[in-house]
Amino acid sequence: MKLLIADDMGTHRTILSMSLKKLGHEFVAAEDGQQAWEMFQKQFFPIVVTDWQMPRLDGIGLCRRIRQEPHEQYTYILVLTTLDGRMNYLEAIDAGADDFLVKPYEEDLLAARLLVGQRIGSLMTKVKHFEGMLPMCPTCRKIRAEDDHWMRVEQYFAKYTKANIVHGSCPECSKALQVSDRGLLKRLRAPLLAASSRP
Amino acid sequence: MQTQITPSTTSATAALDPQALQRLRDMAGSDDPELFSLVLQMFQQDAGHCLTHLREAIASQNADQLQKAAHALKGASAQVGACRLVLVCRSLEEVGLAANWINAVALRDQLEVEFQRVHAEIDTILAGGPA
């Protein structure tokens, strides 16, 4: 797992690099929020550790940009800053950060935050996987949509995707229909029949 | 939780807190001791830039720039255990908030003296000297 870190001060960047190396993390470093954002657009990062006050684009702006654009996978954002206090914490979380740690930090607390980040990333991947599952009736082939409402495959795709369903026979079925090959048609329909006969 | 910024009692005159330096050495680990030196070199560079911004802010009476420069220097100083530098920066942040330019000039002078002390101590460490 590769992390993205952003800090405009070499002192902080080097110290964070030492911690990450020790904790066994791979990472790339940006020298401000804008550079981090450009790197993020080119490559997905599951964890971003960012400073708050930086030239060009600050850490809060970086959080907002990451959250504004839809991404396939989730990015855990840790704001690592010398700005302490309740109001700063709340502002960072409101901008899209997942957690907040004040510099100079205790290394074990950074490690704990990164562990949480990995956990959240893994859970979000599972959620995406389950979101991608479609419950289908094995008998009538209807799909269960919202509010336990069952609908035909064509209706489902028309409602939930941008795809337009148009009917057309596949080459195998076309050939079987042309030669009235009842045996081939039966074989082509066999998986459907087998599914519908399952208890 | 934030690491406490107070000078340790072992060396009242040291510009850099020995405990903070040991923490950095531990973080660098034995595999790559060069990283410890790199942090100190980076600090000298960062602190120099902050000081330039801070001088400019006071000369132009720009309270926002003064606060930002003092805050940035305070954060970096805390990392290397430059405790007195942290305290002066904190005071500079406050005078920046209050736009008290007479006190700002006096604090800037204190900061310049303390920065020279820190800089010299880092040079000694980088040359393989004490601390």
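Residues numbered from 1 in each chain as written. Chains lettered and ligands numbered in written order. Predicted model: local features only at pLDDT ≥ 70, side-chain atom pairs only at ≥ 80, totals over all residues. Heavy atoms only, no water.

A few points about the overall build of chain B
Item 1. Per the secondary structure count, chain B includes five helices and zero strands.
Item 2. When the helices and strands of chain B are listed from N to C terminus, the series reads α-α-α-α-α.
Item 3. Relative to its full complement of 131 residues, chain B shows a buried share of 46%.
Item 4. Restricting to contacts in chain B with at least 6 residues of sequence separation, those with at least 24 account for 64%.
Item 5. Carbon together with sulfur atoms contributes 53% to the accessible area of chain B, which is approximately 6400 Å² in total. (Helix = DSSP H or I, 4+ residues; strand = E, 2+ residues; numbered from the N terminus. Buried < 20%, exposed > 50% of the residue type's maximum accessible area, 1.4 Å probe, protein only. Contact = heavy atoms within 4.5 Å. Areas by Shrake-Rupley, 256 points an atom, 1.4 Å probe, with all protein chains shown as cover.)

Examining the overall build of chain A
Item 1. Summing up its helical and strand segments, chain A has eight helices and seven strands in all.
Item 2. In terms of C-alpha radius of gyration, chain A reaches 26 Å, well past the compact-globule figure of 16 Å for 199 residues.
Item 3. Taken along the three principal axes of its C-alpha coordinates, chain A extends 80 × 30 × 30 Å.
Item 4. Buried residues in chain A amount to 38% of all 199 residues.
Item 5. Across chain A, the fraction of contacts at a sequence separation of at least 24, relative to all contacts at a separation of at least 6, is 52%.
Item 6. On chain A, the mean spot of the 27 positive side-chain charges and the mean spot of the 25 negative ones are 13 Å from each other. (Rg over C-alpha atoms; globule rule 2.2 N^0.38 Å. Lys, Arg positive; Asp, Glu negative; His and termini not counted. Charge placed at Lys NZ, Arg CZ, Asp CG, Glu CD.)

Observations regarding the nonpolar core
Item 1. Core analysis: the biggest nonpolar cluster contains 53 residues, and Val49 of chain A together with Leu66, Leu92 and Leu111 of chain B have the highest contact counts within it.
Item 2. Considering every element that reaches this core, the biggest residue donor is helix α2 (residues 34-59) of chain B, with 11 residues.
Item 3. Leaving out residues up to four positions away in the same chain, Leu66 of chain B has contacts with Leu54, Ala57, Ile58, Leu92, Val95, Gly96, Trp101 and Ala104 of chain B.
Item 4. Formed by 23 residues, the second largest nonpolar core is a distinct cluster that contains Ala30, Leu57, Leu83 and Val102 of chain A. (Core = buried A, V, L, I, M, F, W, Y, C linked by side-chain atoms within 4.5 Å.)

Looking at the interface of chain B and chain A
Item 1. Contact residues are listed per partner, giving 25 residues for chain B and 21 residues for chain A.
Item 2. Between chain B and chain A lies a buried interface of about 2100 Å² when both sides are counted; carbon and sulfur atoms form 63% of it.
Item 3. The interface formed by chain B and chain A includes zero salt bridges.
Item 4. At the surface where chain B touches chain A, the tally comes to seven residue pairs in polar contact (both at pLDDT 80 or more).
Item 5. Taken together, the residues that form the side of chain B that touches chain A break down as 16 nonpolar, five polar and four charged. (Buried area = accessible area lost by both parts, 1.4 Å probe. Salt bridge = Lys/Arg side-chain N within 4 Å of Asp/Glu carboxyl O. Polar contact = N/O pair within 3.5 Å; in protein donor to acceptor, adjacent residues only side chain to side chain. Nonpolar A, V, L, I, M, F, W, Y, C, P; charged D, E, K, R; others polar.)

Here we look at unusual backbone geometry
Item 1. Cis rather than trans, the peptide bond between Lys103 of chain A and Pro104 of chain A has omega equal to -5°.
Item 2. Within the secondary structure layout, Pro104 of chain A lies in the loop between β5 (99-102) and α5 (107-131).
Item 3. Of note, the phi angle at Ala99 of chain B is positive, near 50°, even though the residue is not glycine.
Item 4. Here Ala99 of chain B lies in the loop between α4 (83-98) and α5 (101-126).
Item 5. The exposure class assigned to Ala99 of chain B is partly exposed, which follows from its relative accessible area of 39%.

A look at the confidence of the model for chain A
When pLDDT drops low, the exact placement of atoms in the prediction is not to be read closely.
Item 1. Of all residues in chain A, 94% attain a pLDDT of 70 or more, and the chain-wide mean is 88.
Item 2. Here helix α8 (residues 182-197) of chain A is the element of chain A with the lowest mean pLDDT, 66, and strand β3 (residues 47-50) of chain A is the one with the highest, 98. (pLDDT = per-residue confidence, 0-100.)

Some thoughts on the confidence of the model for chain B
Residues and elements named next belong to chain B.
Item 1. Mean pLDDT over chain B stands at 88; residues scoring 70 or higher make up 89%.
Item 2. Confidence, expressed as mean pLDDT per element, reaches its minimum in chain B at helix α1 (residues 18-28) with 91 and its maximum at α2 with 96.
Item 3. Between residues 1-11, whose pLDDT stays under 50, and residues either more than four places distant or in other chains, the model counts 21 contacts.
Item 4. For this predicted complex, the interface confidence score (ipTM) comes to 0.86, while the overall pTM stands at 0.76.

A closer look at the packing of helix α2 (residues 33-42) of chain A against helix α3 (residues 59-68) of chain A
Residues and elements named next belong to chain A.
Item 1. Two elements in contact, α2 and α3, have axes separated by 9 Å at closest approach and are oriented at 20°. Looking at the two axes, α2 sits roughly parallel to α3. Crossing handedness for the pair α2 and α3: right-handed. Residues Gly33, Gln34, Ala36, Trp37 and Phe40 of α2 form the contact with α3, whose participating residues are Leu62, Arg65 and Ile66.
Item 2. When grouped by side-chain class, the residues that make up the contact of α2 with α3 number five nonpolar, two polar and one charged. (Axes fitted to C-alpha atoms, helices over the stretch in contact; angles between N-to-C directions. Parallel < 35°, antiparallel > 145°, perpendicular 65-115°, else oblique. Left-handed = near helix turned anticlockwise from the far one by under 90°.)

Describing the side chain of Glu93 of chain B
Residues and elements named next belong to chain B.
Item 1. Summarising the element assignment, Glu93 is placed in helix α4.
Item 2. The class for Glu93 is buried, based on a relative accessible area of 15%.
Item 3. In terms of polar contacts, Glu93 uses its side chain to reach the side chain of His71, at 3.0 Å.
Item 4. Filtering out sequence-adjacent residues up to four positions away, Glu93 remains in contact with Gln67, Ala70, His71 and Lys74.

Notes on a nonpolar patch on the surface
Item 1. Nonpolar side chains collect at one region of the surface, where Met87, Tyr89, Leu90 and Ile93 of chain A lie side by side and expose about 380 Å² of accessible area between them.
Item 2. Mapping Met87 of chain A onto the fold places it in helix α4 (residues 86-95). (Patch = residues over 30% accessible without salt bridge, like charges linked within 9 Å, V, L, I, M, F, W, Y side chains within 5 Å.)

Some remarks on the pairing of β3 of chain A
All names here are of chain A.
Item 1. Because side chains alternate across β3, one face comprises the buried residues Ile47 and Val49, and the other comprises Val48 and Thr50, equally buried.
Item 2. Here strand β1 (residues 2-6) runs beside β3; their pairing, made up of four bridges, is parallel. Among the inter-strand pairings, Leu3 is bridged to a residue of β3, identified as Ile47.
Item 3. Here four bridges tie β3 to strand β4 (residues 76-81), and the two strands are oriented parallel to one another. The residue of β4 that forms the bridge with Val49 is Leu78.
Item 4. You can see the chain leave β3, run along α3 and come back into β4, and the turn it takes is right-handed. (Pairing = 2+ DSSP bridges. Right-handed = clockwise from strand over helix to strand, strands pointing away.)

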